[in-house]
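Working through the structure, step by step
Residues per chain are reported as follows:
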Amino acid sequence: MNSRGFAFSATVLACGALFGFGLSLATMIQPEVVLSFLRFDDLGLLLVLCAATGTTLLVYQLAPRLLRRPLFAQAFRLRPDETMRRTLGGAALFGVGWGLSGVCPGPAIAGLGAGNWPLLWCVGGMLAGAYVQGRWFSGKRD
Amino acid sequence: MIDTYFPLGMQHYLAGGLLIGLAVSALYLGTGLVGGMSSVFSTVWSWFSRCPGFQREDFLRSRNWRLLFAAGLVLGAALWRYGLGNPVPVTEIPVPYLLIGGFIAGFGARLGNGCTSGHGICGVASLNLLSLLAVLVFLGVAIITAQLVRGLGL
């Protein structure tokens with residue numbers, strides 16, 4: 001691995017760690033806290049989402065205008081365009097699963113690092129759900 | 001009012017959210033990558049399944065960094081819990097909720113190509129209208145689901 005490749009990988013790992021640390025500080029790795037938002041007992045999750053999205057919005061919008069390219073890669077990427085029906089159908093299903101468990105993918109993964117072991121059930125469920133989705137929709141991208 | 005809507009205070013939510021935003025921002029500045037978390041659950045299958053649904057060029061190209069990013073999440077949370085000694089209560093949500101909820105959330109996130117971080121943070125920050133709609137849909141459905149579960153005493 002050359003030095004640029006190392007810097008790239010180290011950046012990915014360090015940013016992941018900061019993400020996991022932030023999720024932990026915000027108590028999002030505790031499904032009870034997420035459910036207390038969905039039940040309107042504590043609206044904290046909105047603050048987390050707004051602070052995270054606001055910060056990212058600034059950087060996503062400014063970086064490509066101010067920098068020619070990222071520090072350790074060739075180009076800034078974009079989220080791929082998607083079709084409305086699949087996106088919103090998937091979002092609705094995701095909402096059902098999220099509302100049942102209080103766990104979404106990031107906290108499920110991060111929670112393991114904090115020893116919140118029952119979240120392994122969620123990680124297993126998500127892996128299985130992603131597998132079934134990939135098998136059913138293989139070949140038909142949209 | 002703050003006590004009513006934020007009985008545990010606001011500071012840790014804002015600070016945690018800021019760190020998450022900085023993490024996603026630094027990833028973009030350093031590598032140009034846009035990182036939602038749900039994709040890793042599909043891309044890992046590309047190592048084990050020959051199914052064309054997983055042997056997609058974009059999965060093969062991104063699976064390494066996505067796994068590394070997920071490993072980072074584990075590392076960061078471990079640092080919080082074990083490095084700094086902060087308590088993280090073990091969840092008491094019953095296993096069927098975790099397993100079935102996880103399955104449906106995993107299926108749905110991959111069908112809709114995004115979750116709370118992918119559509120919620122990255123998509124909205126990209127000013128993607130469809131992502132904003134997705135966020136409104138999954139927030140609404142999750143709220144209804146969670147209220148129903150409590151209302152029915154399940």
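Sequence order as written defines residue numbering, which begins from 1 separately in each chain. Chain letters and ligand numbers both follow the written order, the letters beginning at A and the numbers at 1. Whole-chain, interface and lining totals are the exception, using all residues; otherwise, since this is a predicted model, local features are given only for residues with pLDDT of at least 70 and side-chain atom pairs are given and counted only at 80 or more.

**Some remarks on the overall build of chain B**
Only DSSP runs of H or I reaching four residues or more are called helices, and only runs of E reaching two or more are called strands; each is numbered from the N terminus. Helices and strands together make up the secondary structure of chain B, namely seven helices and zero strands. In chain B, the order of α-helices and β-strands from amino to carboxyl end is α-α-α-α-α-α-α. Seen along its three principal axes, the alpha-carbon backbone of chain B occupies a region of about 50 × 35 × 35 Å. Field definition: a residue is buried when 20 or more other C-beta atoms are found within 10 Å of its C-beta, exposed when 12 or fewer are, and partly exposed for counts in between, with C-beta atoms placed from the backbone. Across the 154 residues of chain B, 52% fall into the buried class. Intrachain contacts of chain B at a sequence separation of at least 6 include 42% that bridge at least 24 residues. By definition, residues are in contact whenever their C-beta atoms, placed on the basis of the backbone, come within 7 Å of each other.

**Structural notes on the domain arrangement of chain B**
In this entry, domain limits derive from an automatic or database-based domain assignment. For chain B, the assigned domains are domain 1 (1–32), domain 2 (37–88) and domain 3 (92–154). A C-alpha centroid distance of 21 Å is found between domain 1 of chain B and domain 2 of chain B.

**Focus: the packing of helix α1 (residues 3–25) of chain A against helix α4 (residues 57–83) of chain B**
Axis definition: a line fit to C-alpha positions, over the contact stretch in the case of helices; interaxial angles, taken between N-to-C directions, run 0 to 180 degrees. Relative orientation of the contacting elements α1 of chain A and α4 of chain B amounts to 45°, with a least axis distance of 6 Å. Judged on the interaxial angle alone, α4 of chain B and α1 of chain A are oblique. The handedness of the crossing between α1 of chain A and α4 of chain B comes out as right-handed. Each residue is assigned to one of three groups, with Ala, Val, Leu, Ile, Met, Phe, Trp, Tyr, Cys and Pro labelled nonpolar, Asp, Glu, Lys and Arg labelled charged, and all others, Gly among them, labelled polar. Classifying every residue of the contact of α1 of chain A with α4 of chain B by side-chain character gives 21 nonpolar, six polar and one charged. Each angle receives one of four descriptions, namely roughly parallel if under 35 degrees, roughly antiparallel if over 145, roughly perpendicular if within 65 to 115, and oblique otherwise. The hand of a helix crossing depends on one turn: near helix anticlockwise from the far one by less than a right angle means left-handed, and clockwise means right-handed.

**Some words on the confidence of the model for chain A**
A residue-level look at chain A finds 96% of positions with pLDDT of 70 or above and a mean pLDDT of 94. At the low end of the mean pLDDT range in chain A sits α1 of chain A, at 95; at the high end sits helix α2 (residues 31–38) of chain A, at 98. Per residue, pLDDT captures the predictor's confidence, and it can take any value from 0 to 100.

**A closer look at the interface of chain B and chain A**
The figure often quoted for interface size is the accessible area lost as the parts come together. Counting from both sides, the interface comprises 102 residues of chain B and, opposite them, 107 residues of chain A. Elements represented by at least two residues in the side of chain B that touches chain A include exactly α2 (11–31), α3 (39–43), α4, α5 (95–111), α6 (116–125) and α7 (129–151) of chain B. Ranked by residue count, the leading element in the side of chain B that touches chain A is α2 of chain B, at 20 residues. Broken down by class, the residue content of the side of chain B that touches chain A amounts to 69 nonpolar, 30 polar and three charged.

**Digging into helix α6 (residues 119–136) of chain A**
It helps to recall that an α-helix has 3.6 residues per turn; residues three or four apart then point in one direction. What a helix is expected to span follows from its residue count: subtract one and scale by 1.5 Å. Counted at 1.5 Å a residue, the expected span for α6 of chain A with its 18 residues is 26 Å, and the 26 Å between its end C-alpha atoms agrees. Taken as a whole, α6 of chain A has its buried residues at L119, W121, C122, V123, G125, M126, G129, A130, Y131, Q133 and G134 of chain A. Looking at the buried positions of α6 of chain A, the neighbouring elements they touch are α4 (84–101) and α5 (105–113) of chain A together with α3 and α5 of chain B.

**Topic: the UniProt feature "transmembrane region" (unreviewed entry) in chain A**
All names here are of chain A. UniProt positions are given in the numbering used here, feature names are shortened, and annotations may be inferred rather than shown by experiment. Within the UniProt annotation, "transmembrane region" (unreviewed entry) is assigned to residues 45–67, 88–112 and 118–137. A distance of 32 Å separates the end C-alpha atoms of residues 45–67, which is 96% helix and 0% strand. Within the segment residues 118–137, helix and strand shares are 90% and 0% respectively, and the terminal C-alpha atoms sit 29 Å apart.

**Examining the nonpolar core**
Within the largest apolar cluster, 89 residues are counted, with the highest numbers of intra-cluster contacts made by V48 of chain A together with F138 of chain B. For V48 of chain A, the contacting residues outside a window of four places in its chain are A26 and M28 of chain A together with Y13, G16 and G17 of chain B. Linking buried Ala, Val, Leu, Ile, Met, Phe, Trp, Tyr and Cys residues through C-beta atoms within 7 Å yields a set, and such a set is a nonpolar core.

**A short note on the packing of α1 of chain A against α5 of chain A**
In a pair of packed helices, the angle between the axes and the distance between the axes together describe the arrangement. All names here are of chain A. It is the contact of α1 with α5, at a shortest axis distance of 10 Å, that shows an interaxial angle of 90°. Judged on the interaxial angle alone, α5 and α1 are roughly perpendicular. Residues F19, G20, L23 and S24 of α1 pack against G106, P107, A110 and G113 of α5. Considering only residue class, the contact of α1 with α5 consists of four nonpolar, four polar and no charged.

**Considerations on the environment of R77 of chain A**
On the secondary structure map, R77 of chain A appears in the loop between α3 (44–66) and α4. Among the residues examined, R77 of chain A registers 15 C-beta atoms within 10 Å and is labelled partly exposed. Taking the C-alpha atoms as reference points, R77 of chain A and G129 of chain A, 52 residues apart in sequence, are found 27 Å from one another. Among all residues touching R77 of chain A, those that are not within four sequence positions of it are G32, L33 and V34 of chain B.

**Observations regarding the UniProt feature "transmembrane region" (unreviewed entry) in chain B**
All names here are of chain B. With numbering aligned to this structure, UniProt lists the feature "transmembrane region" (unreviewed entry) at residues 12–45, 65–83, 95–112 and 124–149. End C-alpha atoms of residues 95–112 are separated by 25 Å, and the span's content is 94% helix alongside 0% strand. In residues 124–149, the share of helix is 88% and the share of strand is 0%. The end C-alpha atoms are 29 Å apart.

**Some thoughts on the environment of W65 of chain B**
Note on placement: W65 of chain B falls in helix α4. W65 of chain B sits in the buried class, given 21 other C-beta atoms within 10 Å. A sequence separation of 30 residues divides W65 of chain B from G35 of chain B, and the C-alpha atoms of the two residues are 9.5 Å apart. With residues near it in sequence (within four places) discarded, W65 of chain B still touches V12 of chain A together with L33 of chain B.

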